[in-house]
Amino acid sequence: MNVGVILLYDNSISPNNPKQTTTHFQESLSKILPQFYPLAGRYIKKDHSVDCNDSGAEFVEAQVVDDDVTLSDVILTSKREVKLLNDYFLPPKFHQVDESPTDPLLSIRITRFKCGGLVVSVSVSHRIFGASSVGTFLAIWSNANKNPGMVRSIKIRPSFDTPPEFFPGNYISRGNSIKMCWDPNIVVKRFSFHKEAITSLRSKLRLPENSRVRVVSAVIADAMIGVDRAKQSGKSRACLIAQAVNMRRRTFAPLPKHSCRNWLILSPTRCMIPNTVVGNNNNIQELVDILGDGLEKPSLIVLKYFLRRVGM
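The rules behind each value
Residues numbered from 1 in each chain as written. Predicted model: local features only at pLDDT ≥ 70, side-chain atom pairs only at ≥ 80, totals over all residues. Heavy atoms only, no water. Helix = DSSP H or I, 4+ residues; strand = E, 2+ residues; numbered from the N terminus. Buried < 20%, exposed > 50% of the residue type's maximum accessible area, 1.4 Å probe, protein only. Contact = heavy atoms within 4.5 Å. Salt bridge = Lys/Arg side-chain N within 4 Å of Asp/Glu carboxyl O. Axes fitted to C-alpha atoms, helices over the stretch in contact; angles between N-to-C directions. Parallel < 35°, antiparallel > 145°, perpendicular 65-115°, else oblique. Nonpolar A, V, L, I, M, F, W, Y, C, P; charged D, E, K, R; others polar. Left-handed = near helix turned anticlockwise from the far one by under 90°. Phe/Tyr/Trp six-rings, centres within 6.5 Å; stacked < 30°, edge-to-face > 60°. Pairing = 2+ DSSP bridges. Patch = residues over 30% accessible without salt bridge, like charges linked within 9 Å, V, L, I, M, F, W, Y side chains within 5 Å. Areas by Shrake-Rupley, 256 points an atom, 1.4 Å probe, with all protein chains shown as cover.

### Looking at the overall build of the chain
Turning to step 1, where the next piece is worked out: Helices and strands together make up the secondary structure of the chain, namely seven helices and eight strands.
Turning to step 2, where the next piece is worked out: Per-residue burial for the chain yields a buried fraction of 37% across its 312 residues.
Turning to step 3, where the next piece is worked out: Counting contacts in the chain only where the partners sit at least 6 residues apart, residues at least 24 apart contribute 71% of the total.

This is the structure we're talking about:
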């Protein structure tokens, strides 16, 4: 599967502005792609490797032909149907990438509306890039797009250097990979949390400096546990909460901030919430603590691995 990002711009960006033409997007992309040379290659499934053969990225331009369809219509509809954005703006093979040796690892689609609105979608193979790496790519491409004559002066630089101890060449499993399936019937919904509500909840916790992400994750986990409890006739069951942890600043020594790989570890933590009412502040506090503890485990895992590698 891919990591996908969809960026929407209203008609305040004039379609007549030469900096926003398709040619300009292509030129800025061609200037930065050598820095992200693996993205121009192809994935070799049987070897679990990337052939950096400069086959290139996929770049598609699309035009919405209906005069009555505006970007605002799409945004309003997507609030009810999140799946709409993925279906219309991401590449057709978004969930089946890498099945063919000719599949591009980087796909970009520019969609224009007659109202002047613009949608830029970027998808990258998740086999080699995570969300943080995609963020690095977007930051550099954005800078190159705004300052085409100053690409070499962009301060953000991707890094593909890997210390030999993280990880050795034989670290990648050669056995059967985990099979992932895509079910189009899965329902996707979006929930909005107002910053005032998050701030209020944080103020009631023992450590108000807990991140917004952690607090919101705790609220969602509490609701899901409550749903499961209702299905089990009011009885609580043990569950696992898994967090994707960015390891760039948690290794020994820390990796570069813009190290471009899947530098993450999925950290599962077991929890058991008592049979109390969903939304109880004590539940939220306990889940926040559990999530915080779960962030420390990956660092300990990597430390133990590192010590074994150096024979300590």
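### Some thoughts on the pattern of salt bridges
Turning to step 1, where the next piece is worked out: Tallied over the full model, the rule gives five salt bridges.
Turning to step 2, where the next piece is worked out: As a salt-bridge pair, Lys 114 and Asp 67 come within 3.1 Å of each other at their nearest N and O atoms. Of the two residues, Lys 114 sits in the loop between strand S5 (106–112) and strand S6 (118–125) while Asp 67 sits in the loop between strand S4 (58–63) and helix H2 (71–80), which places them 47 residues apart along the sequence.
Turning to step 3, where the next piece is worked out: Residue Asp 228 is joined to Arg 237 by a salt bridge in which the shortest nitrogen-to-oxygen separation is 2.6 Å.
Turning to step 4, where the next piece is worked out: Since its relative accessible area comes to 24%, Asp 228 is described here as partly exposed.

### Here we look at the environment of Val 124
Turning to step 1, where the next piece is worked out: Mapped onto the secondary structure, Val 124 falls in strand S6.
Turning to step 2, where the next piece is worked out: Measuring from C-alpha to C-alpha, the distance between Val 124 and Phe 137 comes to 10.0 Å, with 13 residues separating the pair along the chain.
Turning to step 3, where the next piece is worked out: Setting aside anything within four residues of it in sequence, one finds Val 124 in contact with Asn 2, Val 3, Leu 39, Leu 105, Leu 106, Phe 129 and Val 134.

### Description of the packing of helix H5 (residues 195–203) against helix H6 (residues 212–231)
Turning to step 1, where the next piece is worked out: Running from amino to carboxyl end, H5 crosses H6 at an angle of 90°, the nearest separation of the two axes being 10 Å. By the angle between their axes, H5 is roughly perpendicular relative to H6. Between H5 and H6, the residues in contact are Ile 198, Leu 201 and Arg 202 and Arg 212, Val 215, Val 216 and Val 219, respectively.
Turning to step 2, where the next piece is worked out: Looking at the contact of H5 with H6, its residues break down into five nonpolar, no polar and two charged.

### Focus on the packing of helix H1 (residues 22–32) against helix H4 (residues 131–146)
Turning to step 1, where the next piece is worked out: Remark: H1 packs on H4, axes separated minimally by 9 Å, with the N-to-C direction vectors making an angle of 120°. If you check the angle between H1 and H4, you find them oblique. Along this stretch, H1 crosses H4, giving a crossing that reads as right-handed. Along the contact surface, H1 presents His 24, Phe 25, Ser 28, Leu 29 and Ile 32, while H4 presents Phe 137, Ile 140, Trp 141, Ala 144 and Asn 145.
Turning to step 2, where the next piece is worked out: Looking at side-chain class alone, the contact of H1 with H4 contains seven nonpolar, three polar and no charged residues.

### What to know about the packing of aromatic side chains
Turning to step 1, where the next piece is worked out: As enumerated under the stated definition, the model contains eight aromatic pairs in all.
Turning to step 2, where the next piece is worked out: Ring centres of Phe 36 and Phe 160 lie 6.5 Å apart, and the angle between their planes is 90°; on these two criteria the pair is classed as edge-to-face. Taken as a pair, Phe 36 in the loop between H1 and strand S2 (42–44) and Phe 160 in the loop between H4 and H5 lie far apart in primary sequence, 124 residues in all.
Turning to step 3, where the next piece is worked out: Judged by relative accessible area, Phe 160 falls into the buried class, the value being 14%.
Turning to step 4, where the next piece is worked out: These aromatic residues form a ring-pair network of at least three members: Phe 25, Phe 36, Tyr 37, Phe 129, Phe 137, Trp 141 and Phe 160.

### Quick word on the sheet that holds S6
Turning to step 1, where the next piece is worked out: With respect to topology, four strands assemble into an open sheet ordered S1-S6-S5-S4, the strand pairing being mixed. Each edge of the open sheet carries a strand with a single partner, namely strand S1 (2–9) and S4. Each strand of the sheet is rotated relative to its neighbour by a mean of 15°, with strand direction disregarded.
Turning to step 2, where the next piece is worked out: Of the strand pairs in this sheet, S5 and S6 are connected by seven bridges, and their pairing is antiparallel. By the bridge assignment for S6, Arg 112 is matched with Leu 118.

### Structural notes on a nonpolar patch on the surface
Turning to step 1, where the next piece is worked out: On the surface, Phe 191, Phe 193, Ile 220 and Met 224 cluster together to form a nonpolar patch covering roughly 440 Å² of accessible area.
Turning to step 2, where the next piece is worked out: As for its position among the elements, Ile 220 is in helix H6.

That's the geometry; what it means functionally is another story.
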